[in-house]
Structure formats: structure tokens, C-alpha cells
Amino acid sequence: MSSPIIQLQPVEQHQDLIITTPASGLSLQGTIKIPGDKSISHRSLMLGAISEGETIIHGLLLGEDPRSTASCFQAMGVEISELNSDRVTVKGNGLGNLLEPTEVLNAGNSGTTLRLMLGLLASHPDRFFTVTGDHSLCSRPMSRVVKPLQEMGAQIWGRKTNTLAPLAIQGQALKPIHYHSPIASAQVKSCILLAGLMTEGLTKVTEPALSRDHSERMLQAFGAKIDVDPATNSVSIMGHPTLKGQTVIVPGDISSAAFWMIAAAIVPDSNLLIENVGINPTRTGILEVMQAMGADITLENERIVTGEPVADLRVKHSHLKACTIEGDLIPRLIDEIPIIAVAATFAQGTTIIKDAAELRVKESDRLAVMASALNKMGANVTELPDGLEIIGGTGLTGTEVDSYTDHRIAMSLAIAALNAKHSTIIHRAEAAGISYPTFVSTLKQVCGE
Ligand code: S3P
């Protein structure tokens, strides 16, 4: 088998990832383990922090985003062991006992850290908090969580009439509401549920389509009284439960597995086994899309691990066909759309992605950035207001592209590069470390380097 040349090159404070494919003969082989689920990692740290006793987390994602969560809660007096091993412990302060930090809480690049944490901070009486993030996070909309929290009585100030970080929060006792969210967002839902923990009575959220339900599952496991009504996509939570620290085993992140699933599907003669992947049904839209595209993917060894379904995935190369992705499926694969766009450039026919305007307010405008990078590589992608139209089968040729410091863009373009002619240079590729610190070493492994 011929291997590509994969190099990381420092450029000022950033890193270029340079991938040069062999003229022929590349195939991806082997068994890989992917890092812990980012959503579950954030939640295990946060729920551990507000519970009584010790929470033990196995398989926590050691990426930059969960590190941001850990450092925010450490600044509020929570004891968290070093994030460098398979076993991280959190000594909880107990519900309502986060300390007022003397420093500004910095959520870095992480929307989940900032939005979920806001629910906890706003409901902590007599404490004052200030929160911020990096350049990307400070331009992402916070009104989606500020507005429902204000309806509960929260006091929050920030830039652009309290809609952008940095934000200041005067915590206080809140009143319960039934919030009808205009968007299917687990971050919005989770923020309100976390605010509901400290609020007298029943707090309820209804969303237009089901978003990931890790908060509901984990809150229940830690002792919260949660009621889920699948018929109306509603969840309610009763205030003032006793939360007890738990042992959490974090499954591998299907959003990280997705890069290898698509890589194996598009690179000829590939055969990868991806072990220990979380297959929570609110996250498996990617599996349904790959099946609709004709990918050769099988689930092995299905099991439940601390309340979350898990499986090993075997993916082999196949000839993909185009499909349409829209509606309620979107929240179930929201983070996989950049890598699905890569798959679509190799599928026969025209793939349409719509109802995905949310991608414009992620770590970057993922619709604009993916359309422009893939077109630069020779694809035929048209940007729609709420999606992408991709005419497949054009083939890709390596060139210079940029991650825009967005982890999922960096990794999607690296996978595109594996099936592109010549050399691709991905600028600011270190962004992958936000959710996948070992991405480049696994890339080398599957390529046989
Ligand atoms: C997340 C929810 C999703 C997702 C993000 C993580 C979470 O965002 O895009 O990467 O952990 O709750 P929205 O809920 O805003 O769609």
C-alpha cells in the first residue's frame, strides 16, 4: 500500500497540515479508537461539579473544549483532577454551591461551555459572574439562551443589547417557565434544564424537533426528576433535587468517528473498524445518511454503557450516491454536515442539504467556508441560504485551504485531501485539537504511515 505524506508545519502561532497523496494505491485500514464524546464530557464535568460527592469520569475527551469547562468550574471552587488520564475525578460542591469567581470565566471556543453554564450561573442567588470566550465565541448568538433565562427572571448584561459575550450575570432565584424554543438546540434545552435545577417548581422546554438528549439522560442518572414527552419533544425538570456524584464512562464521539466513516467510504479499498462509538439515536443521523448514500457500514457489538448506547462500526469503501438531507434529521447530524459535504463531492448525483441555517452560527459559517474550500479544490458546490447543493463526481485537486480556526472544518478538509490529487495545505489546522487532539496521529495510523 502507498502512504500519503502527512506533515504538520508551524506557521507563526498556527500549524499547517500538509497532505500529499500518492499517485495510486492509498487505502485506509485498521482498527481505531476515537476520543470521548464532547457533549457527554462537558456534561459529566458540569453535573459532577454541582453534585454531592465524587464523580469519576472514564474516557473524558481531553480536547480544548472540555478543558475550558473544567477551568471555569475550577475557578468556582470545584476540585477537578488533572485532565491527563483515563480517570478524571470531580469533587462536587453540591447544588447551589458554586463559589463566586474572582476572575472572568473563559469558555474559550466552546459554545456548549458558555451556554450550559449560563443556566447554572443565572440561577445562583447572590453571586456575580462574568463570562467570555475567544473571538469566534464572542461573535456567536447568546440571545437564544439569554432570552429564556430573562423570562425566568435572570439578570444578564452584555454587548449588543445583552446578546453577545462577554456577559455579566447577577445570579438570583428564578421562576419556572414553559419555554417553546424556536430552534432545535440541545444547548438551549440544556441551559434551561440546568437553570430549572435551582428553580422552585417545574421548568419545561419544548423544541420544534428533537435535539441530542445527553443532558436528560445524565441528569436523571445523577438524581434529577426529569420527565420526557417524546410526542411533543418536551422535557420538564423539578427544582431542587439532590444530585449525587456518579461514575460516567464516556463513549467515543460519533461526530469524531464521522471523519473516518466518510474517509473509509470514499477512499478505494478501505476497510476500517471504529471501536466504541456512541450511537445515541439523537446523534445517528450520519448513519442514516450514509446508508441512504449506499455506504457499506455495519454495526457490531452493540451495548449500553452508563446509560448511552455504544457500538463498533465497520466501514468499507463503496460507490456513494447523492441524497437529500433536511427537516428533523438536521439536529441529529448537525455537526457532521461539513464532512457529509465532502462525501457528497464523491457521490453520484446532486446532494441537497437544507434547513441547516444553524451552520452559519457555529464555530465558523460552516456553509460558506465548506462551499468555498471545496470549490477551490474543484468541487461543484452552491451555497443556499440554509444549506448546500453539491453536484458530485467532479473529483478534487489539492490546493491551499483554511480551517477558519474551526475544528470540524480542519478535519473535514483533511479527509477531502486524502482523496484529492497532489498536495493540500490546510492552514490553521491545529483547530482540530478543540474536539480531537489525536486527529493527526490517527490520520497517520489509518494511512499506514
Ligand atoms: C451541542 C449541541 C449542538 C452541537 C454542539 C454541541 C451540545 O449545538 O452543534 O457541537 O453539546 O449540546 P446546538 O444545540 O446549538 O445545535
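All values derive from a computational prediction rather than experimental measurement.

All right, on to the sheet that holds strand S8 (residues 128-132) then. The mixed open sheet is built from four strands, whose spatial order is S7-S8-S10-S9. With one partner strand each, in any of the chains shown, strand S7 (105-106) and strand S9 (155-158) form the two edges of the open sheet.

Below, the discussion takes up the domain arrangement of the protein. Domains assigned within the protein are domain 1 (5-36 + 251-446) and domain 2 (38-249). Each of domain 1 and domain 2 has a C-alpha centre, and the two are 29 Å apart. Contact residues are listed per partner, giving 28 residues for domain 1 and 28 residues for domain 2. Taking both sides of the interface into account, the surface hidden between domain 1 and domain 2 amounts to around 2,300 Å²; carbon and sulfur atoms contribute 50%. Counting across the domain 1 and domain 2 interface gives three salt bridges. Along the contact surface separating domain 1 from domain 2 lie 15 residue pairs in polar contact (both at pLDDT 80 or more). Among the secondary structure elements, those contributing two or more residues to the side of domain 1 that touches domain 2 are strand S18 (308-316) and helix H12 (407-418). For the side of domain 1 that touches domain 2, the residue count by class is 10 nonpolar, eight polar and 10 charged.

Across all of its chains, the model carries two cavities of 30 Å³ or more by this definition. In this model, the largest cavity occupies a volume close to 50 Å³. Forming the boundary of the largest cavity are Arg43, Met46, Leu47, Leu116, Ser190, Leu194, Ser215 and Leu219. Elements that contribute at least two residues to the lining of the largest cavity include exactly helix H1 (38-50), helix H6 (186-197) and helix H7 (214-222). At three residues, H1 tops the list of elements feeding residues into the lining of the largest cavity. A class-by-class count of the residues in the lining of the largest cavity yields five nonpolar, two polar and one charged. Considered as a void within the structure, the second largest cavity measures approximately 40 Å³ in volume.

Here four strands make up an open sheet; going across it, the order is S1-S2-S26-S24 and the pairing mixed. Each of the sheet's edge strands pairs with one partner strand only, and the pair in question is strand S1 (5-11) and strand S24 (400-402). Neighbour-to-neighbour, the strand axes of this sheet turn through a mean angle of 20°, independent of strand direction. In this structure, strand S2 (residues 14-20) lies alongside strand S26 (residues 423-427), joined through four bridges in antiparallel fashion. Its bridge partner being in S26, Thr20 is matched across the sheet by Ser423.

Turning our eyes to something else, we now look at the UniProt feature "binding site: 3-phosphoshikimate" (unreviewed entry) in the protein. Under the feature "binding site: 3-phosphoshikimate" (unreviewed entry), the UniProt entry names Lys38, Ser39, Arg43, Ser185, Gln187, Asp335 and Lys362. Restricting the annotated residues just mentioned to those that line the largest cavity leaves Arg43. Relative to the helices and strands, Lys38 resides in helix H1. One can find Gln187 in helix H6. Gln187 sits in the buried class, given a relative accessible area of 14%. Beyond its immediate stretch of four places on either side in the chain, Gln187 contacts Gly111, Thr112, Arg115, Leu116 and Val145. A polar atom in the side chain of Gln187 sits 2.9 Å from the side chain of Thr112.

Those residues carrying the UniProt feature "binding site: phosphoenolpyruvate" (unreviewed entry) are Lys38, Gly111, Arg140, Gln187, Arg366 and Arg408 in this numbering. Restricting the annotated residues just mentioned to those that line the largest pocket leaves Lys38, Gly111, Arg140, Gln187, Arg366 and Arg408. Its relative accessible area of 7% is what places Lys38 among the buried residues. Residues in contact with Lys38, not counting those within four places in the same chain, are Leu61, Asp65, Thr112, Asp253, His407, Arg408 and Ser435. For Arg140, a relative accessible area of 4% gives the class buried. The contact partners of Arg140, leaving out residues within four places of it in the chain, are Asn109, Gly111, Arg115, Thr163, Leu164, Val361, Lys362 and Glu363.

Residues Trp260, Met261, Ile274, Leu418 and Phe439 are the most contacted members of the largest nonpolar core, which totals 82 residues. It is helix H8 (residues 254-266) that provides the largest number of residues to this core, a total of 11 residues. In this view, Ile274 contacts Ile32, Ile34, Ala257, Trp260, Met261, Ala311, Asp312, Leu313 and Val315; residues no more than four positions away in its chain are not counted.

The relative placement of two aromatic rings is captured by the distance of their centres and the angle of their planes. Applying the stated rule across the entire model yields four aromatic pairs. The interplanar angle of 75° and the centroid separation of 5.5 Å between the aromatic rings of Tyr436 and Phe439 together place this pair among those described as edge-to-face. Through successive ring pairs, a cluster of aromatic residues spans Phe259, Trp260, Tyr436 and Phe439. Over the aromatic face of Tyr404 sits the side chain of Arg428, whose NZ or CZ is 5.7 Å from the ring centroid.

Cut-offs applied
Residues take numbers from 1 onward in each chain, read along the sequence in its written order. It should be noted that, the model being predicted, local features are given only for residues of pLDDT at least 70 and side-chain atom pairs only at 80 or more, the latter also being counted only at that level, while totals for whole chains, interfaces and linings use all residues. Side-chain measures were taken over the full set of non-hydrogen atoms in the model, leaving aside hydrogen atoms and water. The criterion for strand pairing is that DSSP finds at least two bridges linking the strands in question. Helix and strand assignments follow DSSP, with helices taken as H or I runs no shorter than four residues and strands as E runs no shorter than two, numbered in order from the N terminus. Where each domain begins and ends follows an automated or database-derived domain assignment. Here, two residues are considered to be in contact whenever any of their heavy atoms come within 4.5 Å of each other. When two parts are brought into contact, each loses some accessible area as probed by a 1.4 Å sphere; the total of that loss over both is the buried area. When a carboxyl oxygen of Asp or Glu is within 4 Å of a side-chain nitrogen of Lys or Arg, the pair counts as a salt bridge. We call two N or O atoms a polar contact when they sit within 3.5 Å, provided that within protein one can donate a hydrogen and the other can accept it, with sequence-adjacent residues counted only if both atoms are side-chain atoms. In this count, Pro and Cys sit with the nonpolar residues alongside Ala, Val, Leu, Ile, Met, Phe, Trp and Tyr, while Asp, Glu, Lys and Arg are called charged and the others, Gly among them, polar. Using a 1 Å grid laid over the protein atoms alone, points where a 1.4 Å probe fits but cannot get out form a cavity; open sets with protein on both sides within 12 Å along at least 5 of 7 lines form a pocket; any residue with an atom within 4 Å of a point counts as lining. Grid points are joined across faces, edges and corners, and a volume is the space filled by probe spheres set on the points. Axis lines are fitted to C-alpha atoms, over the contacting stretch for helices. Their N-to-C directions set the angle, which ranges from 0 to 180 degrees. UniProt positions are given in the numbering used here, feature names are shortened, and annotations may be inferred rather than shown by experiment. Categorising residues by exposure relies on relative accessible area from a 1.4 Å probe, with only protein chains included: less than 20% of the type maximum marks a residue as buried, more than 50% marks it as exposed, and the intermediate range marks it as partly exposed. Note on terminology: a nonpolar core comprises buried Ala, Val, Leu, Ile, Met, Phe, Trp, Tyr and Cys residues joined through side-chain atoms within 4.5 Å. Within 6.5 Å between ring centres, the rings of Phe, Tyr and Trp (the latter by its six-membered ring) count as paired, and their orientation is classed by plane angle as stacked under 30 degrees, edge-to-face over 60, tilted in between. Charge over a ring is defined by NZ of Lys or CZ of Arg lying within 6 Å of the ring centre and within 35 degrees of the ring normal.

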